[in-house]
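For reference, the chains in residue letters:
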Amino acid sequence: MAGRGRGTEESEDTVIGVSERSLFANPVPAPSAPETLPTLRPGDQLLPEGINTPVSLARTSAVVRLRSHLSRLSWPGIQASVASAAALELDRGVAFLLVPVFLASGVTVYFSLAAEPGFVQPIASVVLMALCAIVSRSWPRTHLCLMAALLCALGLLAAKIETWRAGTPMLGSEIATQVTGRVVSLDRMETGRIRLTIDVTSTARPKLRYAPERVRISAVKIPAGMKAGSLVSGYARLLPPTGPVRPDSYDFSFDSYFAGLGGSGFFMGTPKIVAADDEAPLWSRLSSSVENARQDIADRIRVSVGGAEGEIAAALMVGVRAGIPDEINEAMRRTGIYHIISISGLHMALVAGTIMMLMRGAFALFPDFSSRRPVKKYAAAAALFSIAAYLVISGVVVAAERSFIMLAVMLIAVLFDRAALTMRNLAISAIAVIAVSPHEVVGPSFQMSFAATAALVGAYASWADHHAGKARPPPPKRSLAGFLTRRVLLAAGGLAMTSIIAGSATALFAIWHFQRVSPLSLFANLAVMPFVEIVMLLAVFSAVMMPFGLDGPFLYLMGKGLTAMIAISAWISERSPVDAVGLISQQSVLMVAIALVIATMATTWLRLAAIPFALFGLLTVSDTRTPDVLISEDARLVALPIGGGELAVSRARPNEFTVDNWKRALKSETIILPEAFGTGDGQFDIFDPAQLPAGAPFYCLGGLCMARHPTGAIVAYVEDRKDTWKACGYANLIVVNDATGYDACHNPMVVVVTKRQLARKGSAAIFFDQQSATTPAEIEFSVDRPYRPWHEQRKFSREARGMPPYRKPEKPETPPAQ
């Protein structure tokens, strides 16, 4: 056999036009020749060769096919057809593709449990399912069902192991203390503050008995020379991780727990450098060296490019994006192109593709060497090394880590002469991510990236199968202008289809997690993507030339491309309609996810089974209740929609992040601040609360604020528990911002929510009964008890124990000297 590149006319890039799925197609028996020729009757004529079949024979053939299809509509025919299609799906390897699906299902079940299970139940489930699967090997269908149950049990066990392995000690209450620790990373924020991630080594004044191991603290300024690995000390106010801003929203305590962050806060002065931490372990010193290299590269990029373009360039090259202005971030979110900023599959693919293109172009300069060596594998190996280096220098963030695994599997497939872009490789990537970080399954990044990738791979495979084996006529001769026009139109059409497929696959996930959708994302991606490709190409060139000091021209051109990208996103954002779409039901997202799995993994007519799931999911999108009132977990903020797209809040300076989330959830556009009537004797002598019109915002006087929901329900907010009784006679809901507060009304029709309840159970959503005025309001908290490990710290706060805020005792005045 001739070796690769020797004695053969086909190169290593020759594509053989055989689809993998066609190898498992149902064999079509060849028509057998008749034993005897038919006897011609008088008047019959032989058809000359090349003449078409008569119309009567065509009609007969159509009738036969119709009868064949109708015969399958019987129940035995349907059973046989389903069994045949299922067998073909199994032959094509769909069972392996479903492995990450069932693993993810087990992970989702674990994180959805009301109470934390021990190790006994998951291990017992795995052992039991494994034994049953072994015993049932003689019954294929039962064996497959038990294997699916085993994979679910393995996913649940993997999530339990990760939770136990993380074991992050988290701060239970707000406190000010002297923090000493080693700097892990520094981020210069857009506001000018510097955010430090610190591994705590000690605390003092007071010394914390249950100190967190890692905290994130911001400072107004830091001393010169502070970098990753420095041992620093400073007096800081530490805050425990916060929970969801409303029920069923993103849980920041969950994210902090698995990120190893036990608290956050701010320095109350300038932290000082104690000394260089020379006793740090080897792994810490290596990570500090990488972090310092990232910061040096980011500083070089900022100096060379400058402005907001420099911040975006630093984000694209080394993953440092804390300094990007908020208005640019918001414009990119509204236009649906914020995925450009986060290092993910797009960036990894562009880097790998650029490196492979450069390597193949360099090898083409040496035709003799290229004809004798597998240069495609050399280029794939170089691309694999480049994206590994890109992963490390970008900070090993979750999205980049997942994208690296996916691309690494594909490039390794090229090294072993396998198809690079297949659903099997995507399944391997998903299995690897689930095994390493099971908690990512319930996050938006995992769900949206794998949904988009699966939809794109499935659509590409279907398109390839549709055109497999079809004879294509040679392309007509075109002029240079016609050739270039056709190429541009094909590229634009491919980009548009990619955006439509990926956007459709991720739309409901984005709405569920962020309550927003980008109506003009298709146009924005079409307009911006050419600039992104050029910018990433220049980024690769600048990274290669940076060690030689020749990166200046490439960074300059990169900045010009980013200027155009910023201008396009701002222009489209100004013309984009409101992107807040409100809440959607959880079952609709689940049904659409099932439909997506079936549609992308099935290769036979069984993919039609995705249609009822998709229809059910789309029809139940609005099958959810919208809260009438939202209360923050610290009891400092209450909000209710009052109609006309307006959201009334109880504080003059509400938390911006919380209010923005509530606006999207309640489909509100305008914030109505409370109106204060000044101080008085504590009585509402200016207006009668019972005469407030429906939809009235908050009016405040003497520590008591009141508003009226469009349904007619009155909402009261008090700062001191002593003022609670004033609203008992007419309020339907009273929120008491006092940990020592209690239900002073003793009226089942009046719902009283205290600061202690919110500290224990998290933020709350209130639902009024619009049908009956005699039914008390229903309340839903964001945190259930018993606590899961990422919520255990809630019970240790002063508020959760019903204690007032800590105040330092005042020093006694020194009497004047006589």
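Quantities reported herein were computed from a predicted structural model and do not represent experimental measurements.

Calculation rules
Residues numbered from 1 in each chain as written. Predicted model: local features only at pLDDT ≥ 70, side-chain atom pairs only at ≥ 80, totals over all residues. Heavy atoms only, no water. Helix = DSSP H or I, 4+ residues; strand = E, 2+ residues; numbered from the N terminus. Buried < 20%, exposed > 50% of the residue type's maximum accessible area, 1.4 Å probe, protein only. Contact = heavy atoms within 4.5 Å. Areas by Shrake-Rupley, 256 points an atom, 1.4 Å probe, with all protein chains shown as cover. Salt bridge = Lys/Arg side-chain N within 4 Å of Asp/Glu carboxyl O. Patch = residues over 30% accessible without salt bridge, like charges linked within 9 Å, V, L, I, M, F, W, Y side chains within 5 Å. Lys, Arg positive; Asp, Glu negative; His and termini not counted. Charge placed at Lys NZ, Arg CZ, Asp CG, Glu CD. pLDDT = per-residue confidence, 0-100. Core = buried A, V, L, I, M, F, W, Y, C linked by side-chain atoms within 4.5 Å. Pairing = 2+ DSSP bridges. Phe/Tyr/Trp six-rings, centres within 6.5 Å; stacked < 30°, edge-to-face > 60°. Axes fitted to C-alpha atoms, helices over the stretch in contact; angles between N-to-C directions. Parallel < 35°, antiparallel > 145°, perpendicular 65-115°, else oblique. Left-handed = near helix turned anticlockwise from the far one by under 90°. Nonpolar A, V, L, I, M, F, W, Y, C, P; charged D, E, K, R; others polar. Disulfide = S-S within 2.5 Å. Polar contact = N/O pair within 3.5 Å; in protein donor to acceptor, adjacent residues only side chain to side chain.

(A) Examining the overall build of the protein chain more closely. When you go through the protein chain residue by residue, the secondary structure sums to 23 helices and 18 strands. For the protein chain, with 818 residues in total, the buried portion stands at 42%. Long-range contacts, defined here as pairs at least 24 residues apart, represent 66% of the contacts in the protein chain between residues at least 6 apart. For the protein chain, the computed accessible surface area is about 44500 Å², with 62% contributed by carbon and sulfur atoms.

(B) Local environment of the pattern of salt bridges. Following the criterion strictly, the structure yields 21 salt bridges and no others. For Asp 299, the salt bridge identified is with Arg 302, shortest N-O distance 2.8 Å. Of this pair, Asp 299 and Arg 302 are both found in helix 8 (residues 282-305), three residues apart, which corresponds to roughly one turn of the helix. A residue is classified by how much of its surface remains accessible, and Asp 299, at 33% relative accessible area, is partly exposed. Two residues, Arg 575 and Glu 574, come together in a salt bridge whose shortest N-O distance is 3.5 Å. Take Glu 574: its relative accessible area is 63%, and that puts it in the exposed class. Within this structure, Glu 116, Lys 160 and Arg 788 form a network of salt bridges that share partners.

(C) Local environment of a negative patch on the surface. Together, Glu 190, Asp 326, Glu 327 and Glu 656 line one region of the surface with negative charge. The exposure class assigned to Glu 327 is exposed, which follows from its relative accessible area of 55%.

(D) Just the confidence of the model for the protein chain, in detail. Counting all residues, the mean pLDDT for the protein chain is 84, and 87% of those residues have values of 70 or more. Confidence, read as mean pLDDT per element, is least for helix 1 (residues 55-71) in the protein chain (57) and greatest for strand 7 (residues 629-631) (96). A low-confidence stretch, residues 1-55 (pLDDT under 50), is modelled with 36 contacts involving residues beyond four sequence positions or located in other chains. The low-confidence segment residues 679-686 (pLDDT under 50) makes 13 contacts with residues lying over four places distant or belonging to another chain.

(E) Highlighting the nonpolar core. Core analysis: the largest hydrophobic core is formed by 86 residues, its most contacted members being Ile 312, Ile 387 and Met 558. Not counting chain neighbours up to four residues away, the residues in contact with Ile 387 comprise Met 348, Val 351, Ala 352, Phe 404, Leu 407, Ala 408 and Leu 411. Membership of the second largest hydrophobic core comes to 25 residues, among which are Ala 648, Ala 713, Val 715 and Val 735.

(F) Examining the sheet that holds strand 11 (residues 675-676) more closely. Taken in spatial order, the six strands make up an open sheet running 11-12-13-14-15-16, and their pairing is mixed. Edge positions in the sheet fall to strand 11 and strand 16 (751-754), since each of these pairs with one other strand and no more. For strand 13 (residues 704-708) and strand 14 (residues 714-718), the ladder comprises five bridges, and the chain directions are antiparallel. Within the sheet, the bridge partner assigned to Leu 704 lies in strand 14 and is Val 718.

(G) Broad picture of a nonpolar patch on the surface. On the surface, Phe 119, Ile 123, Val 127, Leu 131, Ile 134, Val 135, Trp 139, Ile 161 and Trp 164 cluster together into a nonpolar patch covering about 930 Å² of accessible area. Contributing elements (two or more residues each) for the nonpolar patch: helix 5 (120-135) and helix 6 (140-166). Counting residues per element, the nonpolar patch draws most heavily on helix 5, at five residues. The topology assignment puts Ile 123 in helix 5. The class of Ile 123 is partly exposed, set by a relative accessible area of 41%.

(H) Quick look at the packing of aromatic side chains. In this structure the tally under the stated criterion is 17 aromatic pairs. Residues Phe 111 and Phe 254 carry aromatic rings whose centres are separated by 5.2 Å and whose planes lie at 85° to one another, so their mutual orientation is edge-to-face. Note that Phe 111 is positioned in helix 4 (residues 99-112) and Phe 254 in helix 7 (residues 252-259), a separation of 143 residues in sequence. Each member of the pair, Phe 111 together with Phe 254, is buried. With a centroid separation of 5.8 Å and an interplanar angle of 55°, the aromatic rings of Phe 111 and Trp 790 are classed as tilted.

(I) Structural view of the packing of helix 16 (residues 444-467) against helix 17 (residues 480-514). The interhelical angle for the contact between helix 16 and helix 17, taken along N-to-C directions, is 155°, at an axis separation of 8 Å. In this view, helix 16 runs roughly antiparallel relative to helix 17, as classed from their interaxial angle. For the crossing formed where helix 16 meets helix 17, the hand is right-handed. Contacts from Pro 444, Gln 447, Met 448, Ala 451, Ala 452, Ala 455, Leu 456 and Ala 459 in helix 16 reach Thr 498, Ile 501, Ala 502, Ala 505, Thr 506, Phe 509, Ala 510, His 513 and Phe 514 in helix 17. By residue class, the composition of the contact of helix 16 with helix 17 is 13 nonpolar, four polar and no charged.

(J) Highlighting the state of the cysteines. As enumerated under the stated definition, the model contains two disulfides in all. Two residues, Cys 700 and Cys 705, share a disulfide whose sulfurs are 2.0 Å apart. Here Cys 700 and Cys 705 share a disulfide; its torsion about the S-S bond, 110°, makes the bridge right-handed. Across the pair, Cys 705 and Cys 700 agree in class, each one buried. The disulfide bridge from Cys 728 ends at Cys 745, spanning 2.0 Å between sulfur atoms. Between Cys 728 and Cys 745, the S-S dihedral sits near -80°, and the bridge is therefore left-handed. Within this pair, whereas Cys 728 is found in the loop between strand 14 and strand 15 (733-736), its partner Cys 745 is found in the loop between strand 15 and strand 16, the two being separated by 17 residues in sequence. Accessibility assignment for this pair places Cys 728 and Cys 745 in one class, buried. The disulfide pattern of the protein chain is 1-2, 3-4 when the bonded cysteines are numbered in sequence order.

(K) The arrangement of the sheet that holds strand 9 (residues 646-649) in detail. Spatially, the six strands line up as an open sheet ordered 10-9-8-7-17-18, and their pairing is mixed. At either margin of the open sheet sits one strand with a lone partner, and together these are strand 10 (670-672) and strand 18 (778-781). Strand-to-strand, the axes of this sheet are offset by a mean angle of 25°, without reference to chain direction. Direction of pairing for strand 8 (residues 638-643) relative to strand 9: antiparallel, over a ladder of four bridges. Residue Leu 640 lies in a different strand from strand 9, and its bridge partner there is Ala 648.

(L) Structural context of unusual backbone geometry. For the bond running from Arg 205 to Pro 206, omega is -5°, close enough to zero to count as cis. With respect to the helices, strands and loops of the structure, Pro 206 is situated in the loop between strand 2 (194-204) and strand 3 (214-219). Cis geometry marks the peptide bond from Arg 785 to Pro 786; its omega dihedral reads 5°. Mapped onto the secondary structure, Pro 786 falls in the segment after strand 18. Of note in the backbone geometry, Asp 248 takes a positive phi value of approximately 70° without being a glycine. Among the structural elements, Asp 248 can be located in the loop between strand 4 (230-239) and helix 7. A relative accessible area of 55% places Asp 248 in the exposed class.

(M) Geometry of the side chain of Ser 429. Tracing the backbone through its elements, the reader meets Ser 429 in helix 15 (residues 423-436). Note on Ser 429: relative accessible area 0%, which makes it buried. There is a polar contact of 2.9 Å between the side chain of Ser 429 and the backbone oxygen of Asn 425. Setting aside its immediate chain neighbours within four residues, Ser 429 contacts Ile 405, Met 406, Val 409 and Phe 450.

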